[in-house]
Amino acid sequence: MAAMTETAETVPGAASGTAPGSAPGSARGDAAAAPANAARARKARPRPRVWRGAVLALAGAYFLLPLLASFVFTVHVPGQGVTFEAYTELLGADGFSQSLLLSLGLAAATIALSLLLAVPALIAVRIGSPKLRPVVEVVCMLPLVVPPIALVTGITTVLRWGPDHLARTPLYQTFIAVQDERFPVVLVLAYTVLALPFVHRSLDAGLRAVDVPTLVEAARSCGASWPYVVWRVLLPNLRTSIAGAAFLTLALVLGEFTIASLLGFRPFAVWIVSVSGSQARMSVAVSILSLLVTWLLLLVLSRAGTAPSTTASAPATSRKES
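Values in this document were obtained by computation on a predicted structure and should not be read as measured data.

Engineer: Quick question: what am I supposed to make of the overall build of the chain here?
Structural biologist: Regarding its fold elements, the chain presents 16 helices and 2 strands. Counting all 322 residues of the chain, 30% fall into the buried class. The contacts in the chain between residues at least 6 apart in sequence include a share of 75% that link residues at least 24 apart. With the model as given, the accessible surface of the chain reaches about 20300 Å², and the carbon-plus-sulfur share is 67%.

In structure tokens, the structure reads:
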């Protein structure tokens, strides 16, 4: 015991737990200098908020200045001053409400048909045949390669060929029905083809972010049927992707002009162009109004895609009950 006491007394810092040769106040000095170094680093680091605000200001000016100039053009008449006749006469213009309602109906039908085609196909490929995913991707991306003018030429050829060869068959009435001017189904089919690349990209990104096989296996092990798995398990997790696909499809349908014009139909985009030749101010006013309506609808879709889900706990509930 005496030898151990002497050894402890002869080794400096052994009782205090510090290493030999180290200064006792070095750790205390480093701890005191750390806040000063952190403050100095914060001062030297550039502030990202300034650059962020500058970029947002430039982007806002890029988008809002043309709209402001268009609005001034519609309300300012040389020699008369400020007048809102372009907007007051807009609601009573011939064909305004019919073309707008037609475009909204075409957009709703296109969104429903494209999602009905793409969602089951991509889920089936993701679960059962992952090797077919490149094939499905190539097929969905083909409309980006084919120009709309070539697509509408093919549609026109088929519509002319059908009545000549199928006049004595029941399909003749089908060819007549799909070209009804009140609601042209042929435009819905054409717009669905054009929207497939955007719908596929949005849904494919959502499916990659979700562990679909694990969710399906867990729900099936709890006794859930396939319709229940798709409706209550997978679709709530794909809500944001579905809203994004609907977002892009709506924008495409409301702004499409080439196919509808060449086929002889008159949705909202074609009506705006037809009015612009005789009433310039009214056409600009209609364009501003269409932008506002489109932004409002896209805002509703984006809010629907980010709303909290109430069905996400359905698999866990069924698992507890089982």
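Engineer: What is the right way to look at the nonpolar core in this model?
Structural biologist: One broad rule of soluble globular proteins: the nonpolar side chains tend to lie buried together. Ranked by size, the top nonpolar core spans 48 residues in total, and within it Leu115, Leu187, Leu203 and Leu263 carry the most contacts. Secondary structure elements with two or more residues in this core: α5 (96–127), α7 (148–165), α9 (185–209), α10 (212–221), α11 (226–237), α12 (239–255) and α13 (258–263). Top element by residues in this core is α9. It accounts for 10 residues. Core analysis: the next-biggest nonpolar cluster, separate from the first, contains 10 residues, Leu90, Phe96, Leu100 and Phe268 among them.

Engineer: Which parts of the structure should I look at to understand the packing of helix α6 (residues 133–145) against α9?
Structural biologist: Helix packing geometry: the angle between the two helix axes and the distance between the axes. Axis separation between α6 and α9 bottoms out at 6 Å; the angle between their running directions is 145°. Relative to α9, α6 is oriented so that their crossing is left-handed. Only Val193, Leu194, Leu196, Pro197, Phe198, His200, Arg201, Asp204 and Arg208 of α9 make contact with α6, whose side of the interface consists of Arg133, Val136, Glu137, Cys140, Met141, Pro143 and Leu144. In terms of residue class, the contact of α6 with α9 is made up of 10 nonpolar, 1 polar and 5 charged.

Engineer: Sorry if this is basic, but what is going on with α12 here?
Structural biologist: Owing to its 3.6 residues per turn, the α-helix brings residues three or four apart onto one side. Spanning 17 residues, α12 covers 25 Å between terminal C-alpha atoms, matching the ideal 24 Å at 1.5 Å per step. Within the sequence span of α12, burial applies to Ser241, Ile242, Ala243, Ala245, Ala246, Thr249, Leu250, Leu252, Val253 and Leu254.

Engineer: How do you make sense of the side chain of serine 241 when you look at a structure like this?
Structural biologist: Secondary-structure assignment places serine 241 in helix α12. Serine 241 gets classed as buried once you look at its relative accessible area, which sits at 11%. Filtering out sequence-adjacent residues up to four positions away, serine 241 remains in contact with Ser202, Leu203 and Gly206.

Engineer: In this structure, what is going on with the packing of α5 against α12? I would like to understand it.
Structural biologist: Two numbers describe how α5 lies on α12: the axes approach to 9 Å, and their chain directions differ by 140°. In terms of axis orientation, α5 runs oblique to α12. Where α5 crosses over α12, the two elements pack in a sense that is right-handed. Of the residues in α12, those in contact with Ser103, Leu104, Leu106, Ala107, Thr110, Ile111, Ser114 and Leu115 of α5 are Ile242, Ala245, Ala246, Thr249, Leu250, Val253 and Leu254. Residue composition of the contact of α5 with α12, by class: 11 nonpolar, 4 polar and no charged.

Engineer: What's the story with the pattern of salt bridges in this structure? I'm lost.
Structural biologist: Pairing between side chains of opposite charge can happen when the charged atoms of each approach one another. According to the stated counting rule, one finds 4 salt bridges in the structure shown. Glutamate 137 serves as the salt-bridge partner of arginine 201, at 3.2 Å between the closest nitrogen and oxygen. Linking arginine 201 in helix α9 with glutamate 137 in helix α6, this pair joins segments that are 64 residues apart in sequence. The exposure class of arginine 201 is partly exposed, given its relative accessible area of 44%.

Engineer: For this particular structure, what's the right way to read the environment of serine 290?
Structural biologist: Looking at the secondary structure, you find serine 290 in helix α15 (residues 280–306). Given the relative accessible area of 17%, serine 290 is considered buried. In this structure the C-alpha to C-alpha distance between serine 290 and phenylalanine 268, which are 22 residues apart in sequence, comes to 8.7 Å. Non-local contacts of serine 290, meaning those with residues more than four positions away in its chain, are made with Phe268 and Ile272.

Engineer: What's the story with the packing of aromatic side chains in this structure? I'm lost.
Structural biologist: Each aromatic ring pair is described using two quantities: the centre-to-centre distance and the angle formed by the ring planes. For the structure on display, the rule yields 4 aromatic pairs. Ring plane angle 10° and centroid distance 6.2 Å describe the contact between phenylalanine 268 and tryptophan 271, whose orientation is recorded as stacked. With phenylalanine 268 and tryptophan 271 both in helix α14 (residues 268–276) and 3 residues apart, this pair spans about one turn of that helix. One aromatic cluster is present, built from ring pairs that chain together Phe96, Phe268 and Trp271.

Engineer: What should I look at first to understand the side chain of serine 114 in this one?
Structural biologist: Among the secondary structure elements, serine 114 is positioned in helix α5. A polar side-chain atom of serine 114 sits 2.8 Å from the main-chain carbonyl oxygen of threonine 110. Setting aside chain neighbours within four positions, we find serine 114 in contact with Thr192, Val199 and Thr249.

Conventions and cut-offs
- Residues numbered from 1 in each chain as written.
- Predicted model: local features only at pLDDT ≥ 70, side-chain atom pairs only at ≥ 80, totals over all residues.
- Heavy atoms only, no water.
- Helix = DSSP H or I, 4+ residues; strand = E, 2+ residues; numbered from the N terminus.
- Buried < 20%, exposed > 50% of the residue type's maximum accessible area, 1.4 Å probe, protein only.
- Contact = heavy atoms within 4.5 Å.
- Areas by Shrake-Rupley, 256 points an atom, 1.4 Å probe, with all protein chains shown as cover.
- Core = buried A, V, L, I, M, F, W, Y, C linked by side-chain atoms within 4.5 Å.
- Axes fitted to C-alpha atoms, helices over the stretch in contact; angles between N-to-C directions.
- Left-handed = near helix turned anticlockwise from the far one by under 90°.
- Nonpolar A, V, L, I, M, F, W, Y, C, P; charged D, E, K, R; others polar.
- Expected span 1.5 Å × (residues − 1).
- Parallel < 35°, antiparallel > 145°, perpendicular 65-115°, else oblique.
- Salt bridge = Lys/Arg side-chain N within 4 Å of Asp/Glu carboxyl O.
- Phe/Tyr/Trp six-rings, centres within 6.5 Å; stacked < 30°, edge-to-face > 60°.
- Polar contact = N/O pair within 3.5 Å; in protein donor to acceptor, adjacent residues only side chain to side chain.

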